[in-house]
Amino acid sequence: MGKGGQNYGKRESFSPKASDPEIFPAWAKDVTECGKKYGVDLKFGLTDEEVEKRRQIYGLNELEKHEGPSIWSLVLDQFNDTLVRILLVAAVVSFVLAWYDGNEGGEMEITAFVEPLVIFLILILNAIVGVWQESNAEKALEALKEIQCEHAMVIREGNHIPSLPAKELVPGDIVELRVGDKAPADMRVLSMISSTFRVEQSSLTGESEAVNKTNKVVPEDIDIQGKKCMVFAGTTVVNGNCFCLVTQTGMNTEIGKVHSQIHEASQSEEDTPLKKKLNEFGEVLTAIIGVICLLVWLINVKYFLTWDYVDGWPRNFKFSFEKCTYYFEIAVALAVAAIPEGLPAVITTCLALGTRKMAQKNALVRKLLSVETLGCTTVICSDKTGTLTTNQMAVAKLVAMGRKADSIRSFKVDGTTYNPFDGRIHDWPTGRMDANLQMIATIAAVCNDAGVTQSGHLFAADGMPTEAALKVLVEKMGLPVPEGFDDLSSSGSSAVLRCCQQLNEIDLRIATLEFDRDRKSMGVIAKSNSGKNLLLVKGAVENVLERSTSIQLLDGSVVELDQKSRGCILQALHEMSTSSLRCLGFAYKEELSEFATYNGEDHPAHELLLKPSNYSSIESELIFVGMVGLRDPPREEVHQAIEDCRAAGIRVMVITGDNKNTAEAICHEIGVFGPKEDISLKSLTGREFMDLHDQKSYLRQSGGLLISRAEPRHKQEIVRLLKEDGEVVAMTGDGVNDAPALKLADIGIAMGISGTEVAKEASDMVLADDNFSTIVAAVGEGRSIYNNMKAFIRYMISSNIGEVASIFLTAALGIPEGLIPVQLLWVNLVTDGPPATALGFNPPDKDIMKKPPRRSDDSLISAWILFRYLVIGLYVGIATVGVFIIWYTHDSFLGIDLSGDGHTLVTYSQLANWGQCRSWEGFTVSPFTAGAHVFSFDTNPCDYFQAGKVKATTLSLSVLVAIEMFNSLNALSEDGSLLTMPPWVNPWLLLAMSVSFGLHFLILYVPFLAQVFGIVPLSLNEWLLVLAVTLPVIMIDEILKFVGRCTSGYNTSATRKSLKPKVE
């Protein structure tokens, strides 16, 4: 596999040398020269010996299978994250210390291992989820392989092989293609068997219509859409059959290049803005934790390392390993306190909730972090066909003849789908349809090979989209359904296209003059109910008009086609063409001479129908009746969506493989460009863009931009340049040609209905309704989710700063350890979790889509917010440590009696020097109660500062839990007061606070859990003390918010000025 990329061209007889990067331009060489170059007899094909030689050089005709990363490497990648590494180190150290303490103490309690085991469990779950997500990352390449053809009809050694495995093809093979076949390789058309040969290649090139192929030479430097004599691997034949010469196989085909580009894009995938910020935050947190841990140890070094000064020099060093490990445990506890263990889980939960909301709006998110990235999207690069348009041909204008030869009638036709009930014809005559309109309807219905099928609410073309659109037009013209048709089938085309079926029964088709590229028309001979034969013709207006000698007027009368009436028709044609409508003309003929009595293959005139060269003469002296203008219409909701993007400061850039005029007309209509805007500098072809000297200057222009005739490499280059310029790029698309750019973009958005599996697998998000406006709703949801994430990150970080301040103050003051690691872990994971998750349900700001997008490099935490965190955190630390000191040193506080449990009071000096307790003479401690427990210290009074601190520890933990619950109310809004955004705007937060308090009561009042966490029940007065200490946190943050609001006016205006050049 994959040899083609390395060895292509080693055979001197027909290929360039291996070192020559140039590919033989078969499209620019005639058939004979191509045969010589590839060393093959075009009638005989390759010999088996030659096939084997070439297979050794080029390998099998299949796409490479890129080996993905091993499971082990994916597992290791999950630990390539700063926060995860900090957690891992903390868990290992906690485990070692728990093991050491167990060995020293003679018994190993399971409670000592709760903390490291919980952290290990978090890391394992995180790794499992990460591995599962990443192992599915390369499905786009597998989906691409499904597009490949499995078998081919090949000529070798003069024999016709009807079903050769496509992977066995080699350059130089002769292949026959028929209707419905998928091209097995890139091939040069050699000869046409049918008069026409059309291929559907929109998924590869972005063209909205099937392409007529030819064997004629085209210029060497032409783009992929212009290579009319080439058939590309994976594209489908919709009309005709021909013989082709295989020119490229495997990875050298156009689809192989797309495969390589997808792989390259997947290798260069960058972290999302949120992941970058969290990594940066983790690095800062690592530094802060390291410094504080070191400070804590240095502050307490006097407790485990002492010395005497002899002659001015330190001597007689004394080291206490037991106390050294004790203070090391405090440092570990501080690390656990500083790490927001619950943050990854809460972020995942918030993003998952966001994906559910988006799914309700038809946006299916495949990668969680993409939800947040949507919120800072600055540029949407949209494909046109199937994204901004319906990818369904529809008649937009009907032109019929008037009462006089030099007058015409124009009718605007609504509708964007194949649903006959979608839209109507404006100014349609009431009553019975006139003869001219009836003839147009008859030609559109009978001279037509297509149908329309219905599946639920979806209508699809069965056959050529243009012809299906004509049949839908006939239904909108509203011919009556006579009696006798009530028993028609309720499904299939007969139910959907009743009028067309009626017309086909009135005028029964008995012969077909196939479309060909020379006369550019199709004709049918039909036998009417009256027994008379008619020739019905449709085709390019200029060609049909050229072969017409008369016109049919409104009343059915036929008059001569003079210069004046011809000019009138051509003027109408010009107006329709300049609106980028594809125009088809209709004509008929009554005097058929030799075909007047034609009734089938046995008729003498049938011989004339076997030679397509006779068709032009048969289709002569026609009677012209009218014409229609068709297009791939824009989606109705797209115009408003573009306006919403503009209001939100998001630029829309259209990148399409379709032709320039059609794309410009659509862009004007949907509002990418203004109605009279000069777009000469804003609309380029892909080649013109690549030839620009300064491509970034073009991409920096304000307003909408258009790149037409774009190839996959052009789309990739545009996305790459935009990302280099600091833009956050969302790329939409539905075809194979969009997949590499979808993979490379910050947000790849695929179409769910019309999108290929390749595009879906390469994307981050899939639109279930193929609706461009769904993207705008998703962007708004992404912005809301980001704001909510900032709210719970504010909440969790300020809470963690409070925990750090608590431990730091404990160490600095020298008092007994107030909170143990397992308690901090419980607070971080369980108690803080529900309120943080509930903050993800904050209602979005009403003007969220009226603001410019935030910059992707904006920090999660501004300097002012960090200052607020520090102030709030300092208060949390003071309150948590303060209540610990109050219990030991006061029998009442703020009028609250604390002496009810009978505990012994000590001075602050004694509490701060509790380690010297054994040297205190006459120190005794009275027993005290806690719930049903009585704590006595008759044998060892100094144990009052260790086992006896259980009540003070419980108070500290309860203060920490309560203060963090009240602090979650502060996080409802970054600067908004609780008076303007009261707690009930988010009832989920009130419920979450109740759950967290409930969980805290559970561990307080269930004896087994209280023992695990080392706490005891509290009395009513002790709860009053908790509330008295915790409630001020709301008032402190209200004051800080007020200061923030007073200064925000200046900051906001400065921010808008910095963003202005980008979003104008």
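The structure presented is a predicted model; accordingly, all values stated were derived computationally and were not measured.

## Description of the overall build of the chain
Thinking step 1. Of the regular secondary structure elements, the chain holds 40 helices and 34 strands.
Thinking step 2. When burial is assessed residue by residue, the chain has 55% of its 1064 residues classed as buried.
Thinking step 3. Residue pairs at least 24 apart in sequence account for 72% of intrachain contacts in the chain once pairs closer than 6 positions are excluded.
Thinking step 4. Of the accessible surface of the chain, which amounts to about 45,500 Å², a share of 56% is contributed by carbon and sulfur atoms.

## Topic: a nonpolar patch on the surface
Thinking step 1. A grouping of Leu-1020, Leu-1024, Leu-1027 and Leu-1031 is seen on the molecular surface, where their side chains present a nonpolar patch of about 370 Å² in accessible area.
Thinking step 2. Mapped onto the secondary structure, Leu-1020 falls in helix H39 (residues 1020-1030).
Thinking step 3. On the accessibility criterion, Leu-1020 (65% relative accessible area) is exposed.

## Thoughts on unusual backbone geometry
Thinking step 1. Non-glycine residue Asp-427 carries a positive phi angle of around 55°.
Thinking step 2. With respect to the element layout, Asp-427 can be found in the loop between strand S15 (408-412) and helix H16 (435-446).

## Considering the sheet that holds strand S3 (residues 174-177)
Thinking step 1. Here six strands make up an open sheet; going across it, the order is S2-S1-S3-S9-S4-S7 and the pairing antiparallel. The open sheet has two edge strands, strand S2 (159-165) and strand S7 (230-231), and neither has a second partner.
Thinking step 2. When strand S1 (residues 151-156) meets S3, the two strands line up antiparallel, connected through three bridges. Residue Ile-155 lies in a different strand from S3, and its bridge partner there is Ile-174.

## Some thoughts on the sheet that holds strand S30 (residues 765-767)
Thinking step 1. Reading across the sheet, the eight strands line up as S12-S30-S29-S28-S13-S25-S27-S26 and stay open at both edges, with mixed pairing between neighbours. Edge strands, defined here as strands with exactly one partner in the open sheet, are strand S12 (363-365) and strand S26 (683-685). Each neighbouring strand pair of the sheet contributes to a mean axis angle of 20°, computed without reference to strand direction.
Thinking step 2. Summarising the sheet, strand S29 (residues 747-751) and S30 pair through three bridges and their orientation is parallel. Within S30, the residue paired with Met-751 across the bridge is Leu-767.

## Some details on the packing of helix H31 (residues 772-813) against helix H34 (residues 863-889)
Thinking step 1. Running from N to C, H31 and H34 cross one another at 45°; their axes reach a closest spacing of 7 Å. Between H31 and H34, the angle falls in the class oblique. Of the two elements, H31 crosses H34, and the hand of that crossing is right-handed. Within the contact between the two elements, H31 uses Ile-793, Arg-794, Ile-797, Ser-798, Ile-801, Gly-802, Ala-805, Ser-806, Leu-809, Thr-810 and Leu-813 and H34 uses Ile-865, Tyr-869, Leu-870, Gly-873, Leu-874, Val-876, Gly-877, Ile-878, Thr-880, Val-881 and Ile-885.
Thinking step 2. Along the lines of polarity and charge, the residues of the contact of H31 with H34 split into 14 nonpolar, seven polar and one charged.

## Examining the nonpolar core
Thinking step 1. Ranked by size, the top nonpolar core spans 127 residues in total, and within it Phe-772 and Tyr-888 carry the most contacts.
Thinking step 2. Broken down by element, this core gets its largest block of residues, 16 residues, from H31.
Thinking step 3. For this core, the two domains that each supply at least three residues are domain 2 (349-389 + 635-780) and domain 4 (787-843 + 861-1049).
Thinking step 4. Ignoring any residue separated from it by four or fewer positions in sequence, one finds Phe-772 in contact with Ile-380, Ser-382, Thr-387, Leu-388, Arg-635, Val-638, Ala-641, Ile-642, Cys-645 and Val-652.
Thinking step 5. Formed by 54 residues, the second largest nonpolar core is a distinct cluster that contains Val-31, Met-230, Ala-741 and Ala-759.

## Here's the deal with the packing of aromatic side chains
How two aromatic rings sit relative to each other is given by the distance of their centres and the angle of their planes.
Thinking step 1. Considering all chains together, one arrives at 20 aromatic pairs under this definition.
Thinking step 2. Taken together, a centroid distance of 6.4 Å and an interplanar angle of 65° make the contact between Phe-928 and Tyr-944 edge-to-face. On the criterion of sequence distance, the pair formed by Phe-928 in strand S33 (residues 928-930) and Tyr-944 in the loop between strand S34 (933-935) and helix H36 (950-970) is long-range, its members being 16 residues apart.
Thinking step 3. Exposure remark for Phe-928: the relative accessible area of 0% places this residue in the buried category.
Thinking step 4. With a relative accessible area of 0%, Tyr-944 lands in the buried category.
Thinking step 5. The ring of Phe-515 carries Arg-198 above its face, with NZ or CZ at 5.2 Å from the centroid.
Thinking step 6. We note Lys-227 situated over the ring of Trp-27; from NZ or CZ to the ring centre the distance is 3.7 Å.

## Quick notes on the state of the cysteines
Thinking step 1. Using the criterion set out here, one finds one disulfide in the structure.
Thinking step 2. The disulfide partner of Cys-917 is Cys-942, and the S-S distance across this bridge is 2.0 Å. Judged by the sign of its S-S torsion, about -90°, the cystine formed by Cys-917 and Cys-942 is left-handed. Of this pair, Cys-917 sits in the loop between helix H35 (908-912) and S33 while Cys-942 is found in the loop between S34 and H36, placing the two residues 25 residues apart along the sequence.
Thinking step 3. For Cys-942, a relative accessible area of 15% gives the class buried.

## Here's the deal with the pairing of strand S21 (residues 548-552)
Thinking step 1. A large share of S21 lies buried, amounting to four of its five residues.
Thinking step 2. Both S21 and strand S24 (residues 622-631) contribute to a ladder of three bridges, which runs parallel. Pairing of Ser-550 across the sheet is with Ile-623, part of S24.
Thinking step 3. Where S21 lies against strand S22 (residues 558-560), three bridges are found, and the strand directions are antiparallel. Residue pairing in the sheet places Ile-551 in a bridge with Val-559 of S22.
Thinking step 4. Counting the residues in the hairpin turn of S21 and S22 gives five residues, including Gly-556, whose phi is positive at 95°.

## Quick word on the pairing of strand S11 (residues 313-319)
Thinking step 1. Of the strand pairs in this sheet, strand S10 (residues 305-310) and S11 are connected by five bridges, and their pairing is antiparallel. The partner of Tyr-309 across the bridge, within S11, is Pro-314.
Thinking step 2. The antiparallel hairpin formed by S10 and S11 contains two residues in its connecting segment, where Asp-311 sits at a positive phi of about 55°.

Procedures and definitions
- Residues numbered from 1 in each chain as written.
- Predicted model: local features only at pLDDT ≥ 70, side-chain atom pairs only at ≥ 80, totals over all residues.
- Heavy atoms only, no water.
- Helix = DSSP H or I, 4+ residues; strand = E, 2+ residues; numbered from the N terminus.
- Buried < 20%, exposed > 50% of the residue type's maximum accessible area, 1.4 Å probe, protein only.
- Contact = heavy atoms within 4.5 Å.
- Areas by Shrake-Rupley, 256 points an atom, 1.4 Å probe, with all protein chains shown as cover.
- Patch = residues over 30% accessible without salt bridge, like charges linked within 9 Å, V, L, I, M, F, W, Y side chains within 5 Å.
- Salt bridge = Lys/Arg side-chain N within 4 Å of Asp/Glu carboxyl O.
- Pairing = 2+ DSSP bridges.
- Axes fitted to C-alpha atoms, helices over the stretch in contact; angles between N-to-C directions.
- Parallel < 35°, antiparallel > 145°, perpendicular 65-115°, else oblique.
- Left-handed = near helix turned anticlockwise from the far one by under 90°.
- Nonpolar A, V, L, I, M, F, W, Y, C, P; charged D, E, K, R; others polar.
- Core = buried A, V, L, I, M, F, W, Y, C linked by side-chain atoms within 4.5 Å.
- Domains from an automatic or database assignment.
- Phe/Tyr/Trp six-rings, centres within 6.5 Å; stacked < 30°, edge-to-face > 60°.
- Lys NZ or Arg CZ within 6 Å of the ring centre and 35° of its normal.
- Disulfide = S-S within 2.5 Å.

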